Amino acid sequence: MTSVLIGVENISTPKWAKVGRKAATVSLGKALRSLPEAIGVVLRLAWRTSPGLTVAAGVVHVVSGCVTAFGLLATADVFAALLRDGPTPQRVAESLPALAVVVGSYAARALLDTAVAAVESSLRPRVSRAANDEVTAVLVRAELLAFEDADFRELARQGGRHGVRGLESSLRYLADLVSSCITMIAAIVTVGLLHPWLAPALLLAALANAWASARVSKLRYEHFLDSVTRNIRKGVVEEVATDRDFALERHALTLQERLLAEHRRIADSLMGDEIRMAHKTNLVRLTGRALAGLGTGFAYAVLGVLLYSGGMELALAGTALLAMRTGFSSLSTTTRAVNAIYEDSFYIDFYRKLLVEGAERAQGSSPTKAPPDPELITLDHVTFRYPGKDTPALDDVSLTVRRGEVVALVGENGSGKTTLGKVLTGLYPVDGGTVRWDGVDLAEADKTSVHSSIAVIAQDPAQWPMTARRNVTVGRLDRDDDQAWQDAVERSGADEVLATLPSGADTVLSRQFNDGQDLSGGQWQRMGIARGMYRDASVLVADEPTAALDAKAEARVFEGLREAAARRTTILVTHRLANIRNADRIVLLDKGKIVEQGTHEELMALRGHYHELFELQAAAYRGDLLSPTDEAA
Ligand SMILES: Nc1ncnc2c1ncn2[C@@H]1O[C@H](COP(=O)(O)OP(=O)(O)OP(=O)(O)O)[C@@H](O)[C@H]1O
């Protein structure tokens, strides 16, 4: 039996892809009308990047198209002169001025092509850099909670990758479109002037081509949307199957072959769909080409009938033939360009959505500054839900913490301790109730002013690819205090880590750099604690700061945190209750609610849930054979 190993078979379609599907099902005409919007995005970006180059690009393309059209008309004159009645030398002599114009137009076209290439090669990298910069800026400035939203993360990936690529390619095709459109119009007008019946025949071929190209784009886009979720799943399996983080358990659990099989299964299903899509598009292309061939055949037939019936002179027929050939070739360039921009427009839409959503989720600024050293932090009936979740992680929580207090948050896994730490420090905005620092509502306060006053020591600290010294001083880059650095590394036990490094504090803590080193989990945790201590913020949240530390290091860290506590508000999240016996207050959470709070002695006297948890841990140390049921009884 092959059961799904990673995730579930059908992961939900991201929000942006659902919107994309709606766009893919609208009628062709309606979809084509949305083209100018995509072109507008490209032009606005190009204009913002370099107005001079944008105008230059427009001018060289228009001139290039005009020169081609002019060359076409001059060629018609050559034909007219050559096919006129009279002696051959005289006809050749009379055709020479027109011939000179033709040669001149070719020369001008060659020069213009070089100018086009020069302008484009200067403009395109600028546009792609600007688009990339916008995406990066939007992501860097997004609020923390945005990164908890899987839809937003996926939109960021698609908008950043496909969107920016779509913009670049649209810019290239837009240039082709301008010049080929001008040539095409010149050809259709020339043909139409020679005989009104020839123009519709030319248009018929164009429409058939356009229909086929647009249909193919739509099919490809639908295929992209159909395979989005499977591609996400394939990416996840790929990561699990090849990433270093999973390597240990992958080997220890002998999962390699199972993972490979899962990867192959998804890849096979994607490949099957891709082949089916390719067959469908080939059929559509064939139909389009057949219809275009009919149009072309009809145009030549009309020309033949006109010649046969004497409706058109031979000289004019030669011109018509040339104009029709030029028309067909510029038609195919135009259709290809329209088609490519149409296809790109879907991806450009991701880019636009990312910018819009990113702007909505930007951290933002406010004239209201949070107090840098709050005396009182008050949570009033606070409720918080993670994006896409129905059950609140915090449910009607009210709590007041004074400066100098050490408050310990305890409770079972998933009870809301980490979330409470993030809400209290303004990292997450609340859904209901208020969080105030000395009366200032954090919902209205400038986030940078709030975050400047906080330090978070995480259980799994970021492993910055920097030197060991920077890994600590990044806690507050504008601070250059040797004594503080020394204190931080000693109190956290990071000094022992530094002593093992080949270049001491100057060793880069990343294997991606020459002579870089990696650290163990506990060593990284010490670096994280040192960073938090060096930051010297007025509100410190230490979330399981010592989970990976040995007993000696743990005692040293708690001692350090206690020493520094008098000057700040300290929130400790921990499961090791022995470490927080001296806390000023212990707050016990259960399913997002505060169920007990008080000092250790008060809570023990209450003989409630805290008492039960504490006795369980104490019994384990005493070596008593106590089970949770015994204790509850
Ligand atoms: N990023 C997230 N997205 C969605 N739900 C989350 C996220 N992080 C936590 N939760 C949910 O919120 C609730 C509270 O989680 P939280 O991390 O605050 O608990 P905790 O008490 O710190 O747990 P632990 O002791 O295991 O660290 C849990 O139900 C958890 O599943």
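Quantities reported herein were computed from a predicted structural model and do not represent experimental measurements.

J.: Mind showing me how you'd approach the overall build of the chain here?
T.: If you tally the helices and strands in the chain, you get 20 helices and 10 strands. The C-alpha atoms of the chain give 35 Å as radius of gyration, which overshoots the globular expectation for 633 residues (26 Å, by more than 25%). When the backbone C-alpha atoms are referred to their principal axes, the chain occupies close to 120 × 60 × 50 Å. Buried positions account for 36% of the 633 residues belonging to the chain. Of the contacts formed within the chain by residues at least 6 apart in sequence, a portion of 79% connects residues at least 24 apart.

J.: What am I meant to see in the confidence of the model for the chain here?
T.: Note: predicted coordinates in regions of low pLDDT should not be interpreted at a detailed level. On average, the chain scores 85 in pLDDT, and the residues at 70 or more come to 93%. Across residues 628-633, confidence stays below pLDDT 50; counting only partners more than four residues off in sequence or on other chains, it has 6 contacts. Scoring of the predicted complex yields 0.75 for pTM and 0.98 for ipTM.

J.: Hey, could you run me through the environment of Lys 353 in this one?
T.: Mapped onto the elements of the fold, Lys 353 is located in helix H10 (residues 314-360). Residue Lys 353 is classed as partly exposed on the basis of its 18 C-beta neighbours within 10 Å. Taking C-alpha positions, Lys 353 is 9.3 Å from Ala 156, a pair spaced 197 residues apart along the chain.

J.: I tried to follow the UniProt feature "transmembrane region" (unreviewed entry) in the chain on my own but got confused; where do I start?
T.: Following the UniProt record, one finds the feature "transmembrane region" (unreviewed entry) at residues 53-76, 171-191, 197-214 and 286-308. For residues 286-308, the helix share is 100%, the strand share is 0%, and the end-to-end C-alpha distance is 32 Å.

J.: Teacher, can you tell me more about the site of the ligand here?
T.: For the ligand, the full set of nearby residues is Glu 148, Tyr 386, Lys 389, Ala 393, Gly 411, Asn 413, Gly 414, Ser 415, Gly 416, Lys 417, Thr 418 and Thr 419. Among the elements that take part in the shell around the ligand, helix H11 (residues 417-424) stands out by supplying 3 residues, more than any other. In the shell around the ligand, the residues fall into 2 nonpolar, 7 polar and 3 charged.

J.: When you look at the sheet that holds strand S7 (residues 539-543) in this model, what are you seeing that I'm missing?
T.: Across a sheet, strands are paired by hydrogen bonds formed along the backbone, either parallel or antiparallel in direction. Overall, mixed pairing links the 6 strands, which are arranged S6-S7-S8-S3-S9-S10 in an open sheet. Every other strand in the sheet has two partners, leaving strand S6 (454-457) and strand S10 (593-598) as the edge strands with one partner each. Going across the sheet, the axis of each strand differs from the next one's by a mean of 20 degrees, ignoring polarity. When strand S9 (residues 585-590) meets S10, the two strands line up antiparallel, connected through 5 bridges. Within the sheet, the bridge partner assigned to Ile 586 lies in S10 and is Gly 598.

J.: Please explain the packing of helix H6 (residues 150-194) against helix H7 (residues 198-242) as it appears in this structure.
T.: Helix packing geometry: the angle between the two helix axes and the distance between the axes. Where H6 contacts H7, the axes come no closer than 12 Å and their chain directions differ by 175 degrees. Judged by the inter-axis angle, H6 sits roughly antiparallel to H7. Contacts between H6 and H7 pair Glu 154, Ile 188, Val 191, Gly 192 and Leu 194 from the former with Leu 198, Ala 199, Leu 202 and Ile 232 from the latter. Taken together, the residues that form the contact of H6 with H7 break down as 7 nonpolar, 1 polar and 1 charged.

J.: Would you mind showing me how to read the sheet that holds strand S5 (residues 440-441) here?
T.: In space, the 4 strands of this open sheet follow the order S2-S1-S4-S5, with antiparallel pairing throughout. Both edges of this open sheet fall to strand S2 (394-402) and S5, since each of them pairs with a single strand only. Two elements, strand S1 (residues 376-384) and strand S4 (residues 432-437), share 5 bridges in a ladder whose sense is antiparallel. Following the sheet pairing, Thr 378 is matched in S4 by Arg 436. Across the face of the sheet, H11 comes into contact with S1, S2 and S4 while running at roughly 125 degrees to S1.

J.: Teacher, can you tell me more about the packing of helix H3 (residues 35-49) against helix H5 (residues 88-140) here?
T.: Between H3 and H5, whose axes approach to 9 Å, the crossing angle comes to 100 degrees. Here H3 lies roughly perpendicular to H5, going by the angle between them. Along the contact surface, H3 presents Leu 45, Ala 46, Arg 48 and Thr 49, while H5 presents Leu 123, Arg 126, Val 127, Ala 130 and Ala 131. Per-class residue counts for the contact of H3 with H5 are 6 nonpolar, 1 polar and 2 charged.

J.: How should I be thinking about the domain arrangement of the chain in this particular structure?
T.: Interfaces are often sized by the amount of accessible area the parts lose when they come together. Annotation of the chain at the domain level lists domain 1 (34-360), domain 2 (365-453 + 539-633) and domain 3 (460-536). Spacing between the C-alpha centres of domain 1 and domain 3 amounts to 52 Å.

J.: What exactly am I supposed to notice about unusual backbone geometry here?
T.: For residues besides glycine, phi is generally negative; the peptide bonds are generally trans as well. Positioned with a positive phi, His 381 is a non-glycine residue whose angle comes to about 50 degrees. Within the fold, His 381 resides in strand S1. Although it is not a glycine, Asp 536 sits at a positive phi angle of roughly 50 degrees. Looking at Asp 536, the number of C-beta atoms within 10 Å reads 18, which means it is partly exposed.

J.: Mind showing me how you'd approach the nonpolar core here?
T.: Nonpolar side chains in soluble globular proteins tend to be buried together. Ranked by size, the top nonpolar core spans 72 residues in total, and within it Leu 167, Val 191, Leu 198, Leu 202 and Ile 341 carry the most contacts. Among the secondary structure elements, those contributing two or more residues to this core are H3, helix H4 (51-82), H5, H6, H7, helix H9 (256-308) and H10. Other than its neighbours up to four places away in sequence, Ile 341 contacts Leu 35, Ala 38, Ile 39, Ser 170, Tyr 173, Leu 174 and Leu 177.

J.: Explain the UniProt feature "domain: ABC transmembrane type-1" (unreviewed entry) in the chain to me, please; I cannot follow it from the model alone.
T.: The feature "domain: ABC transmembrane type-1" (unreviewed entry), as given by UniProt, occupies residues 164-343 in the numbering adopted here. Secondary structure content for residues 164-343 is 93% helix and 0% strand, and the end C-alpha separation is 13 Å.

J.: Whenever I open this one, the pairing of strand S3 (residues 406-411) confuses me. Can you help?
T.: For a regular strand, the rule is simple: side chains alternate between the two faces of the sheet. A large share of S3 lies buried, amounting to 6 of its 6 residues. Taking every second residue as pointing to the same face, both faces of S3 are buried, with Val 406, Ala 408 and Val 410 on one and Val 407, Leu 409 and Gly 411 on the other. Here 4 bridges tie S3 to strand S8 (residues 569-573), and the two strands are oriented parallel to one another. Note that in S8 the partner of Val 406 across the bridge is Thr 570. The sheet contact formed by S3 and S9 spans 5 bridges and is parallel. Paired with Leu 409 across the two strands is Val 587, which belongs to S9.

J.: Mind showing me how you'd approach H7 here?
T.: One full turn of an α-helix is made of 3.6 residues, so residues set three or four places apart face in the same direction. Spanning 45 residues, H7 covers 61 Å between terminal C-alpha atoms, matching the ideal 66 Å at 1.5 Å per step. Val 228 marks where H7 bends most, by close to 45 degrees.

J.: What is the right way to read the environment of Asp 487 from this model?
T.: By the element assignment, Asp 487 lies in helix H14 (residues 482-492). Of the residues examined, Asp 487 has 18 C-beta atoms within 10 Å and is grouped as partly exposed. A C-alpha to C-alpha distance of 8.4 Å links Asp 487 and Met 533, two positions 46 residues apart in sequence.

Thresholds applied
Each chain has its residues counted from 1, running along the sequence as written. Note on the predicted model: pLDDT of at least 70 is required for a residue's local features to be given, and 80 or more for side-chain atom pairs to be given and counted; whole-chain, interface and lining totals, by contrast, use all residues. Elements are defined by DSSP. Helices are runs of H or I of four residues or more, strands are runs of E of two residues or more, and each kind is numbered from the N terminus. The globule rule used here is 2.2 Å times the number of residues to the 0.38 power, and the radius of gyration it is set against is calculated over C-alpha atoms. In this scheme every C-beta is placed from the backbone, and a residue whose C-beta has 20 or more other C-beta atoms within 10 Å is buried, one with 12 or fewer is exposed, and one in between is partly exposed. Any pair of residues counts as being in contact when their C-beta atoms, constructed from backbone geometry, are within 7 Å of one another. For every residue, the pLDDT score states the predictor's confidence, bounded by 0 at the bottom and 100 at the top. UniProt positions are given in the numbering used here, feature names are shortened, and annotations may be inferred rather than shown by experiment. Any residue whose C-beta atom, as set from the backbone, lies within 6 Å of a molecule or strand is reported as near that molecule or strand. Classes in brief: Ala, Val, Leu, Ile, Met, Phe, Trp, Tyr, Cys and Pro nonpolar; Asp, Glu, Lys and Arg charged; the others, Gly included, polar. Two strands are counted as paired when DSSP detects at least two bridges linking them. Axis angles are defined between N-to-C directions and span 0 to 180 degrees, where every axis is a line fitted to C-alpha atoms and, for a helix, only to the segment in contact. Any angle between 65 and 115 degrees counts as roughly perpendicular, while under 35 counts as roughly parallel, over 145 as roughly antiparallel, and the rest as oblique. The split of the chain into domains comes from an automatic or database domain assignment. The term nonpolar core refers to a set of buried Ala, Val, Leu, Ile, Met, Phe, Trp, Tyr and Cys residues connected through C-beta atoms within 7 Å. Helices are assigned an expected span. That span is 1.5 Å times one less than the residue count. Consider a residue and the seven residues that end there alongside the seven that start there; fitting an axis to each set, the bend is the angle between those axes.

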